[in-house]
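# Survey of secondary and tertiary structure
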Amino acid sequence: MYDYYRAADRQAAMVEPDRGRAGSASPAFDTVDAKGIDPGVILGQLVAFIRDVPYDVDLIRTISLYPPPEGAPKSLEEWEALPEDSPYKEGPCIEELPADVRDSLASVPDTRLADLAERWGRIEEFFGRPDEDYLTTLIVELRDLAQRAQAEDQMIYCWTCI
């Protein structure tokens, strides 16, 4: 599960980190429910198409906010000693997307939607051809979220639960 949302700052983005962002009454976030669209690979490929550049795994460098990176296990022994329900093992996780990703998403004109959806739908990570209407709608939702975040000088965050 991947929920993309905007927040005033990192502290606001991490309110009630165990709760999903899409469809939740509390906390209330402006959210796009993007199901299996991870930020690094699948969203990264959309951003590459928007920018007309080759995809690279380093295209989107998120900043991990939750669980706190400073508390992450530093060795295999520390990892194995974590309880099974530790967020370091199974989430949820919160990451901040870079401003240039927000700005790329916000820049998508309506005239490019069909082409972007068609190209994005061909990536192998979708494991088959997803419905282009669904992808077009998702691109519009992500674009509109990014535009609202830009207008409010906010960042976009990704809440993930495995």
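Residues numbered from 1 in each chain as written. Predicted model: local features only at pLDDT ≥ 70, side-chain atom pairs only at ≥ 80, totals over all residues. Heavy atoms only, no water.

## Side note on the side chain of Arg6
Cut-off, in case you're wondering: Secondary structure counts use DSSP, requiring at least four H or I residues in a row for a helix and at least two E residues in a row for a strand, with both numbered from the N terminus. Under the rule applied, a polar contact is a pair of N or O atoms within 3.5 Å (in protein, one hydrogen donor and one hydrogen acceptor; residues adjacent in sequence only if both atoms are side-chain atoms). Only heavy atoms enter the contact rule, under which two residues are in contact if any of them lie within 4.5 Å.
Along the chain, Arg6 falls in strand E1 (residues 2–7). Here the side chain of Arg6 touches Asp30 through a polar contact of 2.6 Å, side chain to side chain. A polar contact of 2.7 Å, which involves the side chain of Arg6, links it to the side chain of Gln154. In this structure, Arg6 is in contact with Phe29, Asp30, Leu145, Arg148, Ala149, Glu152, Gln154, Met155 and Tyr157, ignoring residues within four places of it in sequence.

## Quick word on the packing of helix H2 (residues 42–51) against helix H6 (residues 113–120)
The condition that has to hold: To define axes, lines are fitted to C-alpha atoms, for helices over the stretch in contact only, and angles between the resulting N-to-C directions are given on a 0 to 180 degree scale. The scheme is simple: roughly parallel for angles under 35 degrees, roughly antiparallel for over 145, roughly perpendicular for 65 to 115, oblique for anything else. In a left-handed crossing the near helix is turned counterclockwise from the far helix by less than a right angle, and in a right-handed crossing that turn is clockwise. Note on residue categories: nonpolar means Ala, Val, Leu, Ile, Met, Phe, Trp, Tyr, Cys or Pro, charged means Asp, Glu, Lys or Arg, and polar means any other residue, Gly included.
Two elements in contact, H2 and H6, have axes separated by 10 Å at closest approach and are oriented at 135 degrees. Considered as vectors, H2 and H6 are oriented oblique to each other. In the crossing of H2 with H6, the sense of the turn from one axis to the other is right-handed. Taken together, the residues of H6 that come into contact with H2 (itself represented by Ile42, Gln45, Leu46, Phe49 and Ile50) are Leu116, Arg119 and Trp120. Looking at side-chain class alone, the contact of H2 with H6 contains six nonpolar, one polar and one charged residues.

## Considering the nonpolar core
Definition in use: We define a nonpolar core as any set of buried Ala, Val, Leu, Ile, Met, Phe, Trp, Tyr and Cys residues linked to one another through side-chain atoms lying within 4.5 Å. To sort residues, take the accessible area from a 1.4 Å probe on protein chains only and compare it with the maximum for the residue type: under 20% means buried, over 50% means exposed, and anything in between is partly exposed.
By size, the foremost hydrophobic cluster in this structure holds 33 residues, and its most contacted members are Tyr4, Ile37, Leu43, Leu46, Leu105 and Trp120. Listing elements by their share of this core, those giving two or more residues are H2, helix H5 (99–106), H6, helix H7 (132–151) and strand E5 (155–160). Beyond its immediate stretch of four places on either side in the chain, Leu43 contacts Tyr4, Ile37, Asp38, Ile60, Leu97, Leu105 and Leu142. Tyr5, Ala7, Phe29 and Met155 belong to the second-largest nonpolar core, a separate cluster that totals 10 residues.

## Considering the side chain of Gln154
Looking at the secondary structure, you find Gln154 in the loop between H7 and E5. Apart from residues no more than four positions distant in its own chain, Gln154 is found in contact with Arg6, Ala7, Ala8, Arg102 and Ala149.

## Section: unusual backbone geometry
Cis geometry marks the peptide bond from Tyr66 to Pro67; its omega dihedral reads -5 degrees. Its location among the elements puts Pro67 in the loop between strand E3 (63–66) and helix H3 (76–81). For Lys35, which is not glycine, the phi dihedral falls at a positive 40 degrees. For Lys35, a relative accessible area of 52% translates into the label exposed. For Asp153, which is not glycine, the phi torsion reads 55 degrees and is therefore positive. Following the sequence through the fold, Asp153 ends up in the loop between H7 and E5.

## A short note on the packing of aromatic side chains
What counts is decided by this rule: Each pair of aromatic rings taken from Phe, Tyr and Trp, with Trp reduced to its six-membered ring, is defined by centres within 6.5 Å and is described as stacked if the planes are under 30 degrees apart, edge-to-face if over 60, and tilted in the remaining cases.
This structure, assessed with the given rule, holds three aromatic pairs. Ring plane angle 75 degrees and centroid distance 5.4 Å describe the contact between Trp120 and Phe126, whose orientation is recorded as edge-to-face. We note that Trp120, like Phe126, is buried. Grouping aromatic residues by their ring pairs yields a cluster made of Tyr5, Phe29 and Tyr157.

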